[in-house]
Structure formats: C-alpha cells, structure tokens
Amino acid sequence: MTMHKGHRQRMRERFRKEGLEGFAHHEVLELLMFYSHARGDVNPLAHELLDAFGTLKGVLEARPEQLMAVPGVGEETATLISLVIPLFRRYQACIREEQTRIGSREDAKTYSVSLLAGRRTERFYVLCLSAANKILGQRLISVGSLAEVSAYPRQVIETALNYNASSVILCHNHPGGTLRPSADDIAATRRIQAVLAELDIRLMDHIIVAGDDAYSMMQHGDLGGIRQDGAARRLYKSGKEGSP
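Residues numbered from 1 in each chain as written. Predicted model: local features only at pLDDT ≥ 70, side-chain atom pairs only at ≥ 80, totals over all residues. Heavy atoms only, no water.

> Is there a simple way to explain the pattern of salt bridges in this structure?
Oppositely charged side chains may form a pair once their charged atoms are brought near each other. Taken as a whole and assessed by the stated rule, the structure comprises five salt bridges. The closest approach of N and O atoms between Glu 158 and Arg 154, which form a salt bridge, is 2.8 Å. Of this pair, Glu 158 and Arg 154 are both found in helix α8 (residues 153-162), four residues apart, which corresponds to roughly one turn of the helix. (Salt bridge = Lys/Arg side-chain N within 4 Å of Asp/Glu carboxyl O. Helix = DSSP H or I, 4+ residues; strand = E, 2+ residues; numbered from the N terminus.)

> Please clarify how helix α3 (residues 43-53) should be interpreted in this entry.
At 3.6 residues per turn, the α-helix brings residues three or four places apart onto the same side. If you check which residues of α3 are buried, you get Leu 45, Ala 46, Leu 49 and Leu 50. Down the axis of α3, the sector holding all buried residues measures 140 degrees, keeping them to one side. Gly 54 sits one or two residues past α3 and shows a positive phi near 90 degrees. (Buried < 20%, exposed > 50% of the residue type's maximum accessible area, 1.4 Å probe, protein only. Arc of directions from axis to C-beta.)

> I tried to follow the nonpolar core on my own but got confused; where do I start?
The tendency in soluble globular proteins is for nonpolar side chains to be buried as a group. Grouped together as the largest cluster of nonpolar side chains are 22 residues, with contacts concentrated most on Leu 29, Met 33, Leu 49, Val 59, Leu 67, Val 73 and Ile 81. Listing elements by their share of this core, those giving two or more residues are α2 (25-33), α3, α4 (56-61) and α6 (75-98). Once residues lying within four places of it in the same chain are set aside, the contact partners of Leu 29 are Ala 46, Leu 49, Leu 50, Leu 56 and Val 59. Core analysis: the second largest hydrophobic core is formed by 18 residues, Phe 124, Ala 165, Ile 192 and Ile 201 among them. (Core = buried A, V, L, I, M, F, W, Y, C linked by side-chain atoms within 4.5 Å. Contact = heavy atoms within 4.5 Å.)

Shown next, in the form of structure tokens:
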C-alpha cells in the first residue's frame, strides 16, 4: 500500500510538468485509466492490455467490445480508451479547417496523414484545389478492406467538377504498413490522371499514408509526365524534401 500511496498524484504532476515524453506505454495507459477507475492500482491492467493487443497503438485502435473482452476492463474504461483516436482525428480536422492552402508537398503529406492516420481499413480521398491552390473541399470516394481499395474515376471526376477544381490531390492509406504503391495503385492513378487531363483538370499528386509516414507518387516519378508539369513544380517549390 505504501508503494502506491500518492502514485496517482505523482503521475499527474509529472505529466503537467513534463508531458508524455518520458512515460512508458503502460504508464500512459495508467494515467488514462485513473479517470475511469476512481481508486485502486491500474498498473496490472495496463500491462494486461498491452499483452492483449501487442502495442499501445493496438490498444488505442481496439474497438470497445475488444477492450471489454480483457478482464477488468468495463464499459467506462473501454469508452475512454477508444475515444482517444477519434478525439485526435477531430483535432486534426480543426487543423485542416484552418489550413486553406496547400503550398508544398509537405503540406499535402501532412494533410493526408491527418485524414488517414490510424484508420483500420483502406480509404480513398480526393482533395480539390482552386487555381490558387486553396482547398475547395474533399470527398471520401471509397472504403475498402485491409487489402485493397477501389479508385473510381467517375466519382473523382464528379467531385472535381462539383467543386470546380483546377487540380486535385488523391490520397489513400495502407493499414498494412507499406508506403510503396502497388502496380494496381499506379495503374489506377494513371487512368484517373488521363481522364482528368481531358477535362483540363490537373492531378497534382497521389499520397499514400502508412502510419504517420507519407509517400508522394509525384516525388518518386510514378505518374508519368506529372513531374515535368510546371504547375506541379510551382505548387511544390517551397517544399523542403530531398530528391526522389
């Protein structure tokens, strides 16, 4: 009992002074569960959750019913833990609302990561830009399985026309963790690029997101002539990245 006396208060004070940087993964879960367990030692439960889901990321991405399958995890704890990532997405959405212009490749990557990080299934978005590269709007085109997502040219075209877009950026995620585009990704993107070009709408890039990382097809030469497109170069001229 003496070992844990004042433990919660010390943890809270440590967080207020230092943030989460020095916290181990089980300590992050402990701190969170202080607010669903009014008393008692939650350290063993934090370790049980990590054992059950493998990583802190796995715990935070678990569905409430999966969390409640772990002995000791009730509805309040499951709800609290499963709220973390949706709350982060809402925060990122607020950032996107404030960001009205894509001025560099890094902007495009950051925006794409904010849309797709932590998603369990593949999602495909189209982001519409004005002639001044201001964000006009975005649309979720499709939701796929863990293995694949279909990129529908007709829906991309309809979205671009509805927003009267001068250019578009595509983005989708790979929950499996690989950043590299598949042959199907490249082929589908080039088909969309060709159809957009017929309507004088420029495909500026296709961003692939895996975890917190992002891959630019334009940067790596996957989109044929797009790297020689002057407007695309101007869009990304302020980006600070190395050569492909």
